[in-house]
Amino acid sequence: MARTVAPVYDPQAIEPKWRDAWKKAGLFRVVEDSSKPKFYNLVMFPYPSGPLHMGHFRNYVIGDAIARYKVMRGFNVLNPFGWDAFGLPAENAAIVSGIPPRVSIEGNIAISKHELDIMGVLYGWEREVTTCNADYYKWTQWLFLKFLEMGLAYKQKAAVNWCPKDNTVLANEQIVNGVCWRCGTKPTKKELEQWFFRITAYAQRLLDDLSKLDRWPERVRVMQANWIGRSEGADLEFAVDGDRSLRVFTTRPDTVFGATFMVIAPEHELVQKIPTKDRRRDVDAYVEQTKAETEIERLSTEHEKTGVFTGAYAINPFTNERIPIWVADYVLATYGTGAIMAVPAHDARDFEFAKKYQLPIRPVISPTPTPGATPLEAAFESYDGFLVNSGPYSGLNVKDGMAKIITEAAARGIGTRTVIYRLRDWLISRQRYWGVPIPVVYCPDHGMVPVPTNQLPVPLPDHVEFRSDGQNPLAHTPEFVDTTCPRCGKPARRDTDTMDTFVDSSWYFLRYADPHNQTLPFDKAKVDYWMPVDQYIGGIEHAILHLLYSRFFMKALYDAKMVSVDEPFAALFSQGMIQRNGAVMSKSKGNGVTPDQLVERYGADTARVYELFIGPPELDAEWNDRGVDGVARFLNRVWRLVVGEEDEAIAEANRVSAEDLTRKLHETINRVTRDVDAFRFNTAVSALMELTNLMQDYLQGGGRRDQAWEAAALGMTRMLGPFAPHLAEELWRRQGGEGLLVFQPWPELDEALLHRPQVTIVIQVDGRLRDRVEMPAGAVQADAQQRALQSANVQRALDGRRVARAVYVPDRLINLVTE
RNA sequence: GCGGGCGUAGCCGAAUUGGUACAGGCGCACGGCUUAGGACCGUGUGGCGCAAGCCAUGGGGGUUCGAGUCCCUUCGCCCGCACCA
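Everything numeric in this text was worked out from a predicted model, so none of it was measured. (Residues numbered from 1 in each chain as written. Chains lettered and ligands numbered in written order. Predicted model: local features only at pLDDT ≥ 70, side-chain atom pairs only at ≥ 80, totals over all residues. Heavy atoms only, no water.)

> Describe in detail the nonpolar core, supporting the description with residues and values.
Counting 180 residues, the largest nonpolar core has F144 and W426 as the members making the most contacts within it. The contact partners of F144, leaving out residues within four places of it in the chain, are A153, W195, F197, I428, I438, P439, V440 and M499. Membership of the second largest hydrophobic core comes to 38 residues, among which are V240, I274, A339 and A409. (Core = buried A, V, L, I, M, F, W, Y, C linked by side-chain atoms within 4.5 Å. Buried < 20%, exposed > 50% of the residue type's maximum accessible area, 1.4 Å probe, protein only. Contact = heavy atoms within 4.5 Å.)

Put into structure tokens, the structure is as follows:
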């Protein structure tokens, strides 16, 4: 074997010095430079929760590898980092411990920074952004005022989701599976005056522009499209007893002749107005009963539909029939108009309800132009059919029927074509302390008055008294609340709500482009140079929330002419989670592996390479302690090969020619380059392992440390740069390299060297592998066929049969097909 | 229920996109080195078979000279969304 007298690979001895060298050299300290292509590399900034484990590190290692790779490829790389530092955990901890959030956050940031540092994960720290610092949230407030000015921020009383545990309201997006996304508590409904951002004004653009995001994961785009939830249909107006009317939204106006009853939500305004005397008591009781149901209970498909008749009737404007109006919990007040025309024959929910309460079911769509004779056993919901029992429209197909019915409704002034969205406006106010104060004041004379931008920031007091009753401490801090009206100077009160932390994270990537700007959130020219983010990396848990909000911000700022692109993230990568002992790594489960443990035992490079090698980066992976050993062996082997001096050829070893070694080097360059560009780090590492194995065979087979060997060693060193940067720097220096490897160019592929003079041709008979022969590359079919026929194996397989034809794939295989 | 994805050695996983199935790692076996080692180094390693060969990418069927890859069908698993009219 290759035995060496060189020093052993000792990561602890080499890693710190290279980290210092990178910092001294200003790696990732960048300015706008039009002479180089830019690359904006970004990992989602974290909430600083203290110690990090290797589950957290997967995206940081990937991000660092990409950033270093792009530097070697000659890009001007912006690679910043920061902290999403506002939010509930620090505040909740403060209530228990008494430690002010700012203090605990700063401590946590220091701890996290240390872990990033010892892993060799480096950023352009001079652009660090911390959302809870006044020099950042001043501009969050500024942008709020901008939105207010643009009509994109408004205050409204609404029935909102209230989390009783967190004592605050939640946005619709923050109700996950019917419970609070943060603490899992069932939210209740509250009528409150709240601030909203008008994200619905951008619903169509947010939907349309998903098609531009061709470098986003398909599933994220699908999730966003579902969330926006566009539905096309029509609004139709039904006359109701007593001079009233009831507006409904339907996606199936073509089925209006089959509308045999109406349903309104328990919260619908008509519920108070239309019930007949004899029904009033039942209706009131029913409404009370539905109030007691939680949102999840009511929204569950398992939930059996209930409802009561109001005693009132509507007129179907197409059939002129009087149809009963019911109140039922399966109709939601918050979608469409809060009322529906029920067409039980063609809607499964209406069908179920009609069956239960014995309401008429009238088929008006049929798979054939003539009505079916037998009663329906289930709703026929297909669009593939013809109108029947539909007066003048009978016989038309669904598409034509729909168009004509809408036209008639419009002509009669009782309906219009409509598009609605499931997306709601973004509720941004939170009744909590640790967030950005909403910069408005309330004056007895002038009402709500925005704080002038030259008076920003509205500072968040560092010291407040936390209350055991869960009320917002800001509301009980007179120094904060009591102020003067910016317009008249008389005493006024500040708004004591703070902003959802997703507001902070909706624009931090813009601040990185110009982090120290004292006069604006950012300079347009600088943002125009860097944006969009070329590669965004982060967890799938933000598929809707953060990514949708940021897209909305970008479009709003585009409309405000503050930026020149309207999509923030050109490419998105969502890494899988790391599990250990069958569960996602987490502090609470106690199954985490920390950087400190790994760095101490193996060094940062082994930890980094293992994280990349563990599996396809987009999939969840199981942490295997023995797998780490395997990577450590690999890096040790590289070290011995490159740094070692004496080698013993092994008598029985396979000989590897210099040409083979050189070809393998270039094959590896080809593969690793392709793999890194495609985020296939696991196979990139495999390719480097293969090259290492062949380099070892070369020496063991009697090869010298000649030119071919040195080229392979240097190529290996450069390619290790993004993955095992400390080791790579050390090897680079020990091979006589000048300067820092991190600034060296990525190795260049020489396509000509990929060419093999000899190739193995696979010989098949009737598609079955029978033999293989070595031939010169580029052989013509006749030669290959002749060689194939000379094979004894082939003759045995043919067994006297005649070859009818042959399929030849040059340099790969020949398939002899018998009759 | 709807939408998206996945199923390959004992385990994690490769496969140039229709052309040698299983690269690389783990594990395992044997050997070397060692006072010793669960350290380190090397060799081997899909199953059956003495061999020729046969079988093998969840199951079944199809297209093709040729299928892990394409089509149909079926089973299982994961992830979204879920009474959105």
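On we go.
> Explain the pattern of salt bridges to me, and be specific about the residues and the numbers.
Following the criterion strictly, the structure yields 45 salt bridges and no others. We note a salt bridge from R756 to E667, for which the minimum N-O separation is 3.1 Å. Here the residue R756 occupies a position in the loop between helix 23 (725-734) and strand 31 (758-765), and E667 occupies one in helix 20 (residues 658-677), the gap between them amounting to 89 residues. What makes R756 partly exposed here is its relative accessible area of 38%. Residues joined by salt bridges that share partners form a network here, namely D209, K212, R551, K555, D566 and E567. (Salt bridge = Lys/Arg side-chain N within 4 Å of Asp/Glu carboxyl O. Helix = DSSP H or I, 4+ residues; strand = E, 2+ residues; numbered from the N terminus.)

> How would you summarise the sheet that holds strand 24 (residues 491-494) if you had to cite specific residues and measurements?
Ordered in space as 22-21-24-23, the 4 strands form an open sheet in which the pairing is antiparallel. In this open sheet, the two strands that pair with only one neighbour each are strand 22 (447-450) and strand 23 (482-484). If you compare each strand with its neighbour and ignore which way they point, the axes differ by 45° on average. Alignment of strand 21 (residues 440-443) against strand 22, held across 4 bridges, turns out to be antiparallel. In the sheet register, V441 faces strand 22, and the bridge partner there is V449. (Pairing = 2+ DSSP bridges. Axes fitted to C-alpha atoms, helices over the stretch in contact; angles between N-to-C directions.)

> Quick rundown of the sheet that holds strand 27 (residues 572-575)? Include the residues and the values.
Spatially, the 4 strands line up as an open sheet ordered 2-1-26-27, and their pairing is parallel. The two strands at the open ends of the sheet, each matched to only one other strand, are strand 2 (76-78) and strand 27. If you compare each strand with its neighbour and ignore which way they point, the axes differ by 20° on average. Judged from the 3 bridges that link them, strand 1 (residues 38-43) and strand 2 form a sheet pairing that is parallel. Bridge pairing links F39 to V77 in strand 2.

> Tell me about the protein's contact with RNA strand B, and please be specific about residues and values.
Lining the immediate environment of RNA strand B, one finds 52 residues, of which K305, Y335, R349, Q696 and R812 sit closest. Of everything in RNA strand B that lies within 4 Å of the protein, sugar and phosphate atoms constitute 66%. The separation between a phosphate oxygen of RNA strand B and a polar side-chain atom of R637 is 3.0 Å. Between RNA strand B and N815 there is a distance of 2.5 Å, counted from a base oxygen to a side-chain nitrogen or oxygen. Counting residues per element, the surface near RNA strand B draws most heavily on helix 21 (residues 681-700), at 8 residues. Taken together, the residues of the surface near RNA strand B sort by class into 19 nonpolar, 17 polar and 16 charged. (Near = heavy atom within 4 Å. Polar contact = N/O pair within 3.5 Å; in protein donor to acceptor, adjacent residues only side chain to side chain. Nonpolar A, V, L, I, M, F, W, Y, C, P; charged D, E, K, R; others polar.)

> If you had to explain helix 4 (residues 101-118) to someone new, which residues and values would you point to?
Counted at 1.5 Å a residue, the expected span for helix 4 with its 18 residues is 26 Å, and the 26 Å between its end C-alpha atoms agrees. Listed as buried for helix 4 are P101, R102, I105, I109, S112, E115, L116 and I118. Looking one or two residues past helix 4, G120 carries a phi angle of roughly 75°, positive in sign. (Expected span 1.5 Å × (residues − 1).)

> Hey, could you go over the packing of helix 2 (residues 54-72) against helix 20 for me, with residue numbers and the actual values?
Contact geometry of helix 2 with helix 20 gives a least axis separation of 11 Å together with a crossing angle of 125°. With respect to their mutual orientation, helix 2 and helix 20 come out oblique. Judged by the twist between their axes, the crossing of helix 2 over helix 20 is left-handed. Contacts between helix 2 and helix 20 involve I66, Y69 and K70 from the first element and T673, V676 and D677 from the second. Partitioning the contact of helix 2 with helix 20 into residue classes produces 3 nonpolar, 1 polar and 2 charged. (Parallel < 35°, antiparallel > 145°, perpendicular 65-115°, else oblique. Left-handed = near helix turned anticlockwise from the far one by under 90°.)

> Please provide a residue-by-residue account of empty space enclosed by the protein, values included.
If a probe as big as a water molecule is rolled over the atoms, it shows which places are left empty. Taken as a whole and judged by the stated rule, the model has 1 cavity of 30 Å³ or more. Computed from the structure, the largest cavity encloses a volume of approximately 30 Å³. For the largest cavity, the full set of lining residues is W22, R68, G721, P722, P725, E729, L741 and V742. (1 Å grid on protein atoms, 1.4 Å probe; cavity = no way out; pocket = protein on both sides within 12 Å on 5 of 7 lines; lining within 4 Å. Points joined across faces, edges and corners; volume = space filled by probe spheres on them.)

> Can you break down the environment of L332 residue by residue, with the values?
As for its position among the elements, L332 is in the loop between strand 14 (322-328) and strand 15 (339-342). Distance in space between the C-alpha atoms of L332 and I264 is 8.2 Å, their sequence separation being 68 residues.

> Account for the pairing of strand 5 (residues 153-163), naming residues and giving values.
Direction of pairing for strand 5 relative to strand 9 (residues 188-197): antiparallel, over a ladder of 10 bridges. Residue pairing in the sheet places A153 in a bridge with F197 of strand 9. In terms of strand pairing, strand 5 meets strand 6 (residues 168-170) through 3 bridges, oriented antiparallel. Counted as the bridge partner of N161 is L170 from strand 6. Between strand 5 and strand 6, which pair antiparallel in sequence order, lie 4 residues; one of them, N167, sits at a positive phi of approximately 55°.

The values reported here are purely geometric and, on their own, carry no functional implication.
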